Number of protein chains: 2
Amino acid sequence: MYKHILFATELNETKSYIEDKVTQLQQFTQAKLSVIHVVEPIPNAYYVGVYGAIPNLDSIDSIGTTKIVKERSKEVLQPLIKRLNIEEKNMHIPVGHVSDEILAFAENENVDLIITGSHGVHGLQLLLGSTANAILHGAKCDVLAVRFKA
Amino acid sequence: MYKHILFATELNETKSYIEDKVTQLQQFTQAKLSVIHVVEPIPNAYYVGVYGAIPNLDSIDSIGTTKIVKERSKEVLQPLIKRLNIEEKNMHIPVGHVSDEILAFAENENVDLIITGSHGVHGLQLLLGSTANAILHGAKCDVLAVRFKA
């Protein structure tokens, strides 16, 4: 049914309601499973809010910030990839525009199902809703939008 | 994983690429499976294009047309519900606005997964794309958008 499933995640979306479905679909299909989290090159102030305080943020330029945020994302996602039994090499943290990066990865890596949250948590609803939207419109493969359940 | 799957279909979407996925997900989850096709109350000329020639169309008023189109839809969907092993009582052909009717049914009947095409066939791409969109935004459950493969 599916051969390569891509779980597109926010850092704060690492919740059981969506992971359960990713796991079950992977087990059912025996597909390869990759996870992607896109870091957007946006102002430092945003990073502090989403990723927590970063030491000496003011002294780091935008490329440096991105590097730190990538490292931070990698750490934050460790428990997730362990729970989902994903190999480190199948965890991808590109920098760029969220839906563009997800769609590019999906196309380059022959992904046939993208799993994403349909609405965000923690007040980012509008942002994440429009990402799901852009993925739905741009994807050349199937898209499963998992609805957040509190 | 899912207890009630709703397959939202266009008449001309009754293709194996999407049915295969509906069938497999139903078998995997052992969910109840319903199918819905919404008839939109729109001009007669449109019906002729989508549903084929209807005898004496000009002499039928708009409500009458809808009734005929509902009957015609029921006939057209018969092979589909047989292939998917769906009981007649789980085939629904409401009249109204497509995404509104799908979302209302999903909510009233405790649907937890809506499966729909992500893009239309036969030149209706824009229309169906925006329907998938409206479903994604309005749904209180998961949505699987299946990409058309020719």
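Once that is clear, we can look at the sheet that holds strand β1 (residues 4-8) of chain A. Pairing in this open sheet of 10 strands is mixed, and the strands run β3(A)-β2(A)-β1(A)-β4(A)-β5(A)-β5(B)-β4(B)-β1(B)-β2(B)-β3(B) from one edge to the other. Here the strands that pair on one side only, and so sit at the sheet edges, are β3 (91-92) of chain A together with β3 (91-92) of chain B. Where strand β2 (residues 32-36) of chain A meets β3 of chain A, 2 bridges bridge the pair, whose relative direction is parallel. Looking at β3 of chain A, one finds that Ile36 of chain A is bridged to His92 of chain A. Packed on one face of the sheet, helix α4 (residues 98-108) of chain B meets β1 (4-8), β2 (32-36), β3 and β4 (113-117) of chain B and runs near 170 degrees to β1 of chain B.

Attention now goes to the pairing of strand β5 (residues 142-146) of chain B. Along any regular strand, the residues point their side chains to alternate faces of the sheet. A large share of β5 of chain B lies buried, amounting to 5 of its 5 residues. Burial of β5 of chain B is two-sided: the residues Asp142, Leu144 and Val146 of chain B facing one way and the residues Val143 and Ala145 of chain B facing the other way are all buried. When strand β5 (residues 142-146) of chain A meets β5 of chain B, the two strands line up antiparallel, connected through 3 bridges. Its bridge partner lying in β5 of chain B, Leu144 of chain A is registered against Leu144 of chain B.

Let's shift gears to the relation of the copies chain B and chain A. Relative to chain A, chain B is turned by 180 degrees and slid 0.0 Å along the rotation axis, the superposed coordinates differing by an RMSD of 0.0 Å. Taken together, the rotation and translation relating the two chain copies correspond to the operation of a two-fold axis. For chain B, the residue whose C-alpha comes nearest the rotation axis is Leu144 of chain B, separated from it by 2.1 Å. The share of interface residues of chain B whose copies in chain A are also at the interface is 100%, consistent with both copies meeting through the same surface.

Analysis parameters
- Residues numbered from 1 in each chain as written.
- Chains lettered and ligands numbered in written order.
- Predicted model: local features only at pLDDT ≥ 70, side-chain atom pairs only at ≥ 80, totals over all residues.
- Heavy atoms only, no water.
- Pairing = 2+ DSSP bridges.
- Helix = DSSP H or I, 4+ residues; strand = E, 2+ residues; numbered from the N terminus.
- Contact = heavy atoms within 4.5 Å.
- Axes fitted to C-alpha atoms, helices over the stretch in contact; angles between N-to-C directions.
- Buried < 20%, exposed > 50% of the residue type's maximum accessible area, 1.4 Å probe, protein only.
- Least-squares fit on C-alpha atoms with pLDDT ≥ 70 in both.

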